[in-house]
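The primary structure of each chain is shown beneath.
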Amino acid sequence: MARVIAVVNQKGGVGKSTTALNVSAYMASFGKRTLLVDTDPQGNASSGIGIEKDALKYSIYDSIIDEVPLTSVIQKTIIPGLDIVPATLKLAGAEVELVSALSRETRLAACLEPVLGDYDFVFIDCPPSLGLLTINALVAANSLLIPVQCEYYALEGLRQLLDTIELVRRHLNRSLVIEGFLMTMHDSRTNLSQQVVEDVKNHYGSKVFRTVIPRNVTLSEAPSFGLPIIRYDPKSRGALAYEELAKEVLERGEEKTGQRIGRPDSWR
């Protein structure tokens, strides 16, 4: 049965899509059957792997809203062993449509359930909000990978996210754990980046990944060519970092080091 990992942070521009796409690609390169699920209406993970969104018959919207089987939505990618459930701008309307829907928080989990046996890993790229699409991802996931940008206000937005995660765990998904916090866009030339890394480690300890993703121009360029970094520039610093991250995710799974999320007070 697949490990389902949601890549989540309500703050935009922290590297969620970049992380979901590239860690998925490396998992597939390790021989793991991997599914990338794009639940962001911007569809960056979809275009970043070369999906022509205008040519799609179905997207994740059709599964969540109209109950189209996910097997009809899944697309092959240029990476052997990596499939994707693409998203289009049509998904933006799902937030409104889900408000009055039955079982609105569990729609994504129900969509994924029939295909979980076909994969070793499922990575869900979440939108930059704490709306119903993100709640659906939290309910469907076993664990959460939280990208944290190396910037001054990095810790401020995590409080609201962790409070939401705790509510979901308490009421909708008791088994939800944090896979880890991932430091992204690290600039080794600045003292600020290193200070932010230390601050996050002081707050969250072993839950912070050892791997740090550097600020790297090739990571920004690759999606415009519809390629993950493993195909665009596999020797770049960004590529090597995501390869190490994928290995670390594998290690954490093997060691079963996931920890339950405590009550919000325990994070202070």
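The shown structure was predicted, so the numbers you read here are calculated from the model rather than taken from an experiment.

Help me understand the nonpolar core in this model?
The tendency in soluble globular proteins is for nonpolar side chains to be buried side by side. Leu-112, Val-122, Ile-124 and Ile-146 are the most contacted members of the largest nonpolar core, which totals 55 residues. Top element by residues in this core is helix 6 (residues 132-140). It accounts for 7 residues. Counting residues in hydrophobic clusters, the runner-up holds 33 residues, among them Ile-5, Val-7, Val-23 and Ile-229.

Whenever I open this one, the pattern of salt bridges confuses me. Can you help?
One side chain can pair with another of opposite charge once the charged atoms of both are near each other. Across all of its chains, the model carries 14 salt bridges by this definition. Where Glu-151 meets Lys-11, a salt bridge forms, and the shortest distance between an N and an O atom there is 3.0 Å. Of the two residues, Glu-151 is situated in the loop between strand 6 (143-149) and helix 7 (158-171) and Lys-11 in the loop between strand 1 (3-7) and helix 1 (16-29); the sequence distance between them amounts to 140 residues. The class of Lys-11 is partly exposed, set by a relative accessible area of 32%. In this structure, Glu-251 engages Arg-210 in a salt bridge whose closest nitrogen and oxygen atoms are separated by 3.0 Å. Of this pair, Glu-251 sits in helix 11 (residues 237-255) while Arg-210 sits in strand 8 (residues 208-214), and the two are 41 residues apart along the sequence. Relative accessible area serves as the criterion here: at 30%, Glu-251 is assigned to the partly exposed category.

Which parts of the structure should I look at to understand the packing of aromatic side chains?
The relative placement of two aromatic rings is captured by the distance of their centres and the angle of their planes. If you walk through the whole model with that rule in mind, you get 4 aromatic pairs. Judged by centre distance (6.5 Å) and plane angle (45°), the ring pair of Tyr-26 and Phe-30 falls under tilted. Judged by its relative accessible area of 29%, Phe-30 is partly exposed. Residues Phe-121 and Phe-123 carry aromatic rings whose centres are separated by 5.8 Å and whose planes lie at 10° to one another, so their mutual orientation is stacked. You can call Phe-123 buried: its relative accessible area is 0%. Across from the ring centre of Phe-209, 4.2 Å away, lies the NZ or CZ of Arg-252, which sits over that ring.

How do you make sense of a nonpolar patch on the surface when you look at a structure like this?
Together, Tyr-152, Tyr-153 and Leu-192 make up an exposed nonpolar region whose accessible area comes to about 380 Å². Its location among the elements puts Leu-192 in helix 8 (residues 191-204).

Even after reading the chapter, I still don't get helix 11, so can you show me in this structure?
The periodicity of an α-helix, 3.6 residues per turn, causes residues three or four places apart in sequence to face the same way. Its 19 residues give helix 11 an end-to-end C-alpha distance of 27 Å, which sits within 8% of 27 Å, the value for a rise of 1.5 Å per residue. Taken as a whole, helix 11 has its buried residues at Gly-238, Ala-239, Ala-241, Tyr-242, Leu-245, Ala-246, Glu-248, Val-249, Leu-250 and Arg-252.

Would you mind showing me how to read the packing of helix 6 against helix 7 here?
In a packed pair of helices, the relevant descriptors are the angle between the two axes and the axis-to-axis distance. Remark: helix 6 packs on helix 7, axes separated minimally by 10 Å, with the N-to-C direction vectors making an angle of 55°. By the angle class used here, helix 6 and helix 7 are oblique. In this structure, helix 6 crosses over helix 7, and the sense of that crossing is right-handed. Together, Ile-135, Leu-138 and Val-139 of helix 6 and Thr-164, Ile-165 and Val-168 of helix 7 make up the contact between the two elements. In terms of residue class, the contact of helix 6 with helix 7 is built from 5 nonpolar, 1 polar and no charged.

Cut-offs and rules
Residues numbered from 1 in each chain as written. Predicted model: local features only at pLDDT ≥ 70, side-chain atom pairs only at ≥ 80, totals over all residues. Heavy atoms only, no water. Core = buried A, V, L, I, M, F, W, Y, C linked by side-chain atoms within 4.5 Å. Buried < 20%, exposed > 50% of the residue type's maximum accessible area, 1.4 Å probe, protein only. Helix = DSSP H or I, 4+ residues; strand = E, 2+ residues; numbered from the N terminus. Salt bridge = Lys/Arg side-chain N within 4 Å of Asp/Glu carboxyl O. Phe/Tyr/Trp six-rings, centres within 6.5 Å; stacked < 30°, edge-to-face > 60°. Lys NZ or Arg CZ within 6 Å of the ring centre and 35° of its normal. Patch = residues over 30% accessible without salt bridge, like charges linked within 9 Å, V, L, I, M, F, W, Y side chains within 5 Å. Areas by Shrake-Rupley, 256 points an atom, 1.4 Å probe, with all protein chains shown as cover. Expected span 1.5 Å × (residues − 1). Axes fitted to C-alpha atoms, helices over the stretch in contact; angles between N-to-C directions. Parallel < 35°, antiparallel > 145°, perpendicular 65-115°, else oblique. Left-handed = near helix turned anticlockwise from the far one by under 90°. Contact = heavy atoms within 4.5 Å. Nonpolar A, V, L, I, M, F, W, Y, C, P; charged D, E, K, R; others polar.

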